[in-house]
Every structure is written in structure tokens, then in C-alpha cells.
Amino acid sequence: MNNVFGLDIGTRNVVGTVGYQTDDKEFVVTAQYVREHETRAMLDGQIHDIGRVAKTIKEVKDELEKQTGQPLEEVCIAAAGRVLKTVTTHVEYEYAQESVVTGEDVHTLDLLGIEKAQEALKEVNDTSYKFYCVGYSTVKFFLNDEVFISLEGHKANKIGEDIIVTFLPEDVVDGLYAAVGQAGLSVANMTLEPIAAINVAIPENYRMLNIALVDVGAGTSDISITRDGSIIAYGMIPHAGDELTEVIVQHFLVDFNMAESIKLQSTTSDTVTYKDIMSIEHTIPAKDVWDVAAPVVDNIAQEVSAKIRELNGDKTVSACFVVGGGGKIHGFTEKLAEDLDLPEERVALRGEEVLGDVTFEQEDIKKDPLLVTPIGICLNYYDQRNNFIMVRFNGERIKLYDNNRLTIVDAALQAGFPNDELFPKRGTPINFTVNGVARLVRGEAGEGAVVTMNGKPASINTPLEPNSEIIIEPSTAGDAAEYKISQLDEYNHSVITFVINGRRVSCPRFVQVNGELEPEDYSIRENDVIETRNYYTVRQIAQFMDLVIDTDQMIFVNNEEADLDTLVYENFSVEWKTDEYGVARIDNNNYNDTQESDNTVARTSEQMMNQVLDELHDDFAKEAEASAVPENELPENELPKNDIQEEIQEEDSSENTITVIVNGEPVELSGKDTYIFVDIFTHISFDLQAGKGRAIATVINGRDAQFSEELHEGDQIELYWKEN
């Protein structure tokens with residue numbers, strides 16, 4: 001048989017237990033010894049004088065070696081629950097766009113919460129020590145700032161959670177390792193006292209349930225919460241058995257040790273006998289002690305139940321087990337059940353019955369709840385769980401506390417690997433304003449971190465293996481955001497309309513950036529202030545319409561005399577005379593005049609823009625100019641006409657002349673050697689601006705034709721607007 005040596009290193013004493021587990025899972029205690037600290041070498045479960053604690057451990061070790069007749073070289077230890085640090089924090093994650101929340105997203109949210117809690121703990125403690133995460137529990141989930149029970153599967157722009165994270169300080173671990181090392185021992189296994197107690201107090205088949213374990217000690221009550229087979233949260237309140245003892249001291253005028261005796265007697269018999277400080281002996285009913293202790297019992301129960309709910313996400317548990325001497329006091333479990341809204345039978349004091357599978361070879365040892373933790377420390381050795389494991393992370397050897405669900409990301413957090421280098425990063429965004437409204441254009445998403453474990457591809461959620469070699473190449477940032485003025489909705493869909501010589505003309509609004517006019521291909525920069533101008537000058541309207549104004553004639557804006565630099569606002573009227581005919585420029589971002597009597601803005605179809613006006617604008621303009629009748633040759637009573645679709649009479653017909661049929665009517669083309677489809681627009685009356693978003697149909701001899709297609713004598717041409 002191979003004995004296991006376990007040490008419960010407490011604040012007041014050190015309990016050593018040696019035993020072994022049989023094939024039937026029975027644990028046999030072959031030796032046990034308790035030794036009190038000679039001085040206050042430990043405070044609240046943490047070693048303050050390593051040398052003195054090591055001396056006490058050595059004395060316990062020597063005594064147990066005498067009892068067993070075997071040398072003891074390895075030991076199992078546990079860190080006290082009261083040394084654990086608990087942090088509650090809130091964390092949020094915002095999506096680039098509305099997305100369905102996945103389990104991976106929720107796990108990422110947990111990791112962000114753990115990292116934030118770790119940073120908060122370091123700030124409060126102002127220390128360079130590391131903190132090992134030993135458990136965490138989500139209190140509340142938030143979906144778009146509203147409380148939800150579960151996030152997975154919902155659509156969200158933003159998710160968040162309140163999370164409680166529990167840490168074990170590195171200096172506590174180092175102190176325990178140092179003390180046993182000075183006593184000539186090496187650590188075979190290390191766990192936490194709450195876990196050791198659970199191994200004995202809560203049967204394994206119960207641990208999948210949501211259960212609380214309360215260890216009511218002398219100075220503190222340690223609390224742990226189980227769910228799905230793991231401890232998810234730890235807590236502690238600074239109220240326990242000593243407060244009960246102190247109230248008994250005050251009421252019955254006894255010393256501390258006698259008060260402890262009174263407290264114990266009140267839990268085991270109907271009467272209590274004691275001597276006060278005057279050496280007078282009294283015998284009283286146990287109920288008198290219960291009544292004295294009742295207010296303190298109620299207060300401790302309320303504090304414990306409140307902490308349980310806090311650790312369990314603001315809700316009660318399925319059941320609660322109580323261990324430790326302080327929990328034996330009358331009425332405690334009943335009051336705790338009431339505060340937890342549980343039936344009394346679901347809050348139980350775990351006593352001698354939990355040691356049913358434990359046999360003591362020493363006859364003078366009585367089974368007691370106080371022995372739950374020391375024996376649990378030994379039993380934990382056989383599970384080999386909740387120990388510290390070693391891994392190599394990016395070449396650095398690190399130690400992690402094994403809480404049975406370690407993944408690669410836990411190693412990354414322990415090593416201080418930046419969280420933002422685990423997940424894809426977006427490129428630099430652009431923040432700017434448009435007409436006073438803030439805008440944000442996000443950068444492109446980068447690549448996630450490349451993770452390998454022992455040379456094989458892995459993910460950040462791959463379960464961690466002891467002594468594994470982990471390499472993480474940081475994630476990359478995507479390209480910086482890029483946005484041009486031409487991409488703004490305000491540029492593409494916002495127009496300003498004027499009344500020019502009685503006809504409505506719609507123009508795109510000019511865009512100015514930081515007070516300066518910029519073209520459509522301008523790349524928007526960080527903090528740019530963009531505004532769409534609500535006016536044109538007379539000159540700019542003419543330029544947009546490709547018209548040359550006769551400056552010798554009067555120009556009127558809203559019936560008042562004006563010049564080329566006069567500002568023209570929405571729905572202002574303009575009257576002018578032109579020197580030359582022009583062709584209105586129409587491109588992907590410009591609007592032309594309409595025949596509508598209302599304020600409806602019609603956009604010329606993209607087919608027109610792509611096929612004709614972008615490609616043939618120059619030729620068309622030249623042809624219109626060449627065929628126009630000069631003003632000085634017109635009759636005196638006739639003014640130049642500025643309708644660009646007006647039929648223009650040809651003066652020179654000496655060149656090649658052909659006749660084509662357009663929409664059933666013969667049209668004679670003359671003045672050129674050859675003709676293309678677009679030439680017919682100078683010989684017929686067809687309003688190119690009347691499309692109202694429709695495409696133009698061009699047909700030659702029954703088939704679709706291009707505007708640049710050559711025409712021949714007798715061609716049958718159809719020209720009309722397609723209906724949407």
C-alpha cells in the first residue's frame with residue numbers, strides 16, 4: 001500500500017493525516033496528528049512567518065513518521081478559501097454590425113471579463129504578484145443593454161455580462177511551497193480547501209447540480225458554488241463561530257474557552273453546565289444559549305445567503321451543505337434555508353455521515369466534521385485534479401492552477417499575452433462628421449492569432465495538456481478604413497433644385513471639407529468636418545449645364561439683378577441669356593433638369609450615363625456646336641434657343657446624304673461622310689432628360705443597337721423610353 005500524506009495548514013494548528021485508498025474506494029487513516037502553532041505565524045490562512053510554520057510542519061512530519069514507521073517525503077496541501085480574491089466586474093463587446101451570438105462569442109466575453117478583473121485586482125493590490133484564476137461565474141447577461149438569461153442564438157449589436165472571478169494570489173502559493181520545502185518535503189499535489197471539503201462532503205453524483213458548500217469556521221465562513229461538476233465561484237464572509245463565542249462570553253461572564261464549551265454543549269445536550277469568572281457553577285437549559293446566540297445566528301445566515309446569491313448570479317441554489325464547527329449551532333441551517341427560499345431538508349449539516357467511507361486505525365480518533373478538509377486533501381491526490389501544471393508558452397515556462405477546464409487561452413492570460421493579440425483586429429477607423437452628424441467607418445478585419453500546441457494546429461479553446469509546448473503568433477490588424485466623398489449618401493442622393501428660365505434644374509450639392517470644396521474622389525480623413533452646401537453661384541450653375549452666359553445681357557435671380565457670383569439657393573429662379581449651345585454634363589453623381597411640375601428629382605438612367613453621355617459627350621457637344629446657327633445670322637426677331645434637344649437646321653448639305661426611318665417618320669441626314677446612331681438627335685426632337693429613371697431603347701432594323709453604331713440608307717430606327 002502507498003500511503004498519502006496530507007497537511008491541513010490552518011491559522012491555529014497544522015493537522016497531518018496519513019492514509020491510503022482501497023480498491024473499494026474506502027480511505028483508511030493510518031496516522032493522524034495535530035500540532036498548534038507556537039506563535040501567530042499565520043493570519044487568516046496566509047503564512048506570515050515561513051520559518052516558524054516550517055518548524056511546526058516538521059514536528060508533525062516527524063511524529064507521523066514515528067506512528068507509521070515510514071519516511072514521508074511528499075505531501076499534499078491546500079490553500080485556504082479565505083485567501084482567495086474575488087472581483088466583480090462588467091464587460092461589453094460590440095459587433096461591427098448586427099450578428100448572431102455564438103457560444104464562441106460568449107466564451108470570448110468571459111475571457112474579456114477575466115482579463116478585466118485581473119487588471120482591477122492588480123490595481124487594488126499594487127503588487128507584481130500574479131493571480132491564478134481558479135473560478136468564475138456569470139451573474140447577468142446583457143443583450144443590447146437589456147438583461148437576458150442567455151445570449152447564444154440571439155441577434156445583437158452589443159453583448160455584455162456581469163462576472164465574478166476568483167483568484168488565488170501567487171504569494172500564498174509560494175509561501176506554502178516554501179514552508180513545506182524547508183520542512184524537507186516536496187509538494188505532490190495542491191488543491192483548495194473548499195475543493196477538498198467538497199470531495200468528502202458532496203457525493204460525486206451530486207456535483208453536477210447547482211449546490212453551495214458553506215464551511216463555517218472560527219473567524220470566517222468560506223463559501224463555494226458547484227455546477228456542472230466544477231466549482232464555479234468562491235466567496236467568504238468575515239462572520240463565523242468566534243462571533244457566537246464572544247456573545248456567550250459577554251452574556252454568561254465566562255472566559256473564551258468556557259464559552260467554547262458552552263457553545264458545544266448546547267449542540268449535543270439539553271442542559272449546559274459551566275463556571276463563570278467568579279467560579280460559580282451554573283446549569284441552564286440549552287435553549288437559553290440558543291436564545292442568546294439567535295441574533296448572531298440570524299445575522300450570519302443572512303450574510304451567507306446574500307453571498308451565495310451574489311456568487312450564483314443573483315439566484316438561489318438547488319441545495320446547501322454546511323460543514324465546520326460553527327455550523328453546528330442550533331437554528332443556523334433552518335435560518336439559512338429560510339433566507340435561501342429552500343425547504344429545510346435541502347440545507348443540511350454534513351457531519352459524521354460523510355465520513356462513512358473513512359476508517360480510522362487509531363481507536364481514539366472520533367469521526368467529526370472538523371476532519372472533512374484534512375481527509376479531503378488526501379483524497380484529492382487520487383483524483384490528481386486541481387493541481388498546478390506546467391506548460392511552455394512562447395518559450396517561457398509558466399505554472400497554472402488546474403481547475404479541470406484549462407484551455408490555451410488560460411495559458412495566454414497567465415503569461416500576460418495581450419488579449420487584443422488573440423482576436424482579429426480591425427484597421428484604423430475614420431471618425432468624421434457630415435452636416436454635424438458623427439460618422440464612423442470601420443477598418444477591415446484582420447487575421448486571428450495562429451495557435452499551435454506541440455507543433456499541431458490548435459485554437460485558443462483547445463484543452464490544455466500538462467508540459468505542452470504552446471506557440472501563439474499574434475493576430476494582425478486589417479487595412480485602415482478608406483472612404484471617399486463619392487460614397488456618401490448625401491453626395492449621391494441629395495440634390496438642390498433651381499428654376500432656370502422657367503425650367504426646373506436639379507444639381508448635386510457641392511461638398512466642402514473643413515471649409516474647402518473637394519472633388520468626389522477626395523479620401524476622407526480622421527476628424528474631417530464635411531458639409532453639403534445649400535447653394536450654387538450663377539457661374540457654377542452655368543458650368544454644370546455646360547452653358548456660356550451672355551454677360552452683355554442682364555442676369556436675374558429671384559427677379560433681382562445679379563452677376564455670375566451671386567448665390568442661388570434652393571428653388572431660386574434664374575433668368576439669363578446664353579452665347580452658345582452646350583450639352584448638359586451627366587455622370588454617375590450629377591442630376592439634370594426635369595419637366596416635372598413638382599419637386600420630384602428624376603435621375604437619368606445608368607444605361608444612358610454609361611453608354612452615351614460618358615463615352616460620347618465630347619463628340620455630341622462638338623456636333624451640336626458645329627451644326628448650330630450663329631446668333632448674328634438669325635433673323636432680328638428670333639433669339640438663340642437654349643434647348644439642347646432643339647432640331648438644328650443644317651446649312652451645308654453638300655456632303656453624303658442618307659434617309660432613315662425614325663419611329664415611322666423619314667429623317668434626312670446630311671453634312672457628313674458617315675453617320676452614327678447618335679447623329680439622329682441633331683435631326684429629331686427627342687428630350688433626353690425625360691427618362692425619369694428609365695433606360696432608353698435603341699433599335700436598328702429590329703435589333704438592339706449601340707449609340708456609336710454606323711447608320712445606312714433606309715435603316716429602320718426605333719427610339720423610345722423603356723417602361724420600368
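Quick summary incoming for the structure in this document. (Residues numbered from 1 in each chain as written. Predicted model: local features only at pLDDT ≥ 70, side-chain atom pairs only at ≥ 80, totals over all residues. Heavy atoms only, no water.)

**Focus on the sheet that holds strand β34 (residues 555-557)**
(1) Moving on: Taken together, five strands build an open sheet; the order of strands is β28-β27-β37-β34-β35 and the sheet is mixed. Pairing within the sheet leaves two strands with one partner each, and these edge strands are β28 (503-508) and β35 (560-562). This sheet shows a mean twist of 35° between the axes of neighbouring strands, independent of strand direction.
(2) Moving on: Here helix α12 (residues 538-545) sits on the sheet and contacts β27 (495-500), β28 and β34; the angle it forms with β28, its principal contact strand, is near 90°. (Pairing = 2+ DSSP bridges. Helix = DSSP H or I, 4+ residues; strand = E, 2+ residues; numbered from the N terminus. Axes fitted to C-alpha atoms, helices over the stretch in contact; angles between N-to-C directions. Contact = heavy atoms within 4.5 Å.)

**Overview of empty space enclosed by the protein**
(1) Moving on: Applying the stated criterion to the full structure yields eight cavities of 30 Å³ or more.
(2) Moving on: When its volume is computed, the largest cavity comes out at roughly 130 Å³.
(3) Moving on: Taken together, 13 residues form the lining of the largest cavity, with Tyr132, Cys133, Leu400, Asp410 and Gln414 sitting closest to its centre.
(4) Moving on: Among the elements of the structure, α2 (103-125), β8 (131-143), β21 (396-401) and α10 (408-414) are those that each provide at least two residues to the lining of the largest cavity.
(5) Moving on: When the residues that make up the lining of the largest cavity are grouped by side-chain class, the tally is nine nonpolar, three polar and one charged. (1 Å grid on protein atoms, 1.4 Å probe; cavity = no way out; pocket = protein on both sides within 12 Å on 5 of 7 lines; lining within 4 Å. Points joined across faces, edges and corners; volume = space filled by probe spheres on them. Nonpolar A, V, L, I, M, F, W, Y, C, P; charged D, E, K, R; others polar.)

**A few points about unusual backbone geometry**
(1) Moving on: Although it is not a glycine, Ser279 sits at a positive phi angle of roughly 65°.
(2) Moving on: Relative to the helices and strands, Ser279 is located in the loop between β15 (271-275) and β16 (281-285).

**Some points on the side chain of Thr407**
(1) Moving on: Here Thr407 lies in the loop between β21 and α10.
(2) Moving on: Residues within four places of Thr407 in sequence aside, it is in contact with His107, Ile460, Asn461, Thr462, Pro463 and Leu464.

**Some words on helix α7 (residues 286-311)**
(1) Moving on: Over its 26 residues, α7 extends 35 Å from the first C-alpha to the last, a length consistent with the 38 Å expected when each residue adds 1.5 Å.
(2) Moving on: Residue Ala293 marks the point of greatest curvature in α7, where the axis turns by about 50°; the proline Pro295 follows within four residues.
(3) Moving on: One or two positions beyond α7, positive phi appears at Gly313, with a value near 80°. (Expected span 1.5 Å × (residues − 1). Bend = angle between axes of the 7 residues up to and from the residue.)

**Focus: the sheet that holds strand β42 (residues 703-704)**
(1) Moving on: Strand order in the open sheet formed by five strands is β40-β39-β43-β41-β42, and the pairing between neighbours is mixed. Either end of the sheet is taken by a strand with one partner, and the two such strands are β40 (665-669) and β42.
(2) Moving on: Two elements, strand β39 (residues 658-662) and β40, share five bridges in a ladder whose sense is antiparallel. Residue pairing in the sheet places Val660 in a bridge with Val667 of β40.

**What about the side chain of Glu161?**
(1) Moving on: With respect to the helices and strands, Glu161 occurs in strand β10 (residues 155-169).
(2) Moving on: Nearest to the buried, unbridged Glu161 among oppositely charged side chains is Arg227, at 9.7 Å.
(3) Moving on: Polar contacts involving the side chain of Glu161 include one to the side chain of Thr138, which spans 3.4 Å. (Buried < 20%, exposed > 50% of the residue type's maximum accessible area, 1.4 Å probe, protein only. Lys, Arg positive; Asp, Glu negative; His and termini not counted. Salt bridge = Lys/Arg side-chain N within 4 Å of Asp/Glu carboxyl O. Polar contact = N/O pair within 3.5 Å; in protein donor to acceptor, adjacent residues only side chain to side chain.)

**Here's the deal with the packing of aromatic side chains**
(1) Moving on: Under the definition given, this model contains eight aromatic pairs.
(2) Moving on: Each ring, one from Tyr535 and one from Tyr569, has its centre 5.5 Å from the other, and the planes form 55°; the classification is tilted. Of this pair, Tyr535 sits in strand β32 (residues 535-537) while Tyr569 sits in strand β36 (residues 567-569), placing them 34 residues apart in sequence.
(3) Moving on: Looking at Tyr569, the relative accessible area reads 32%, which means it is partly exposed. (Phe/Tyr/Trp six-rings, centres within 6.5 Å; stacked < 30°, edge-to-face > 60°.)

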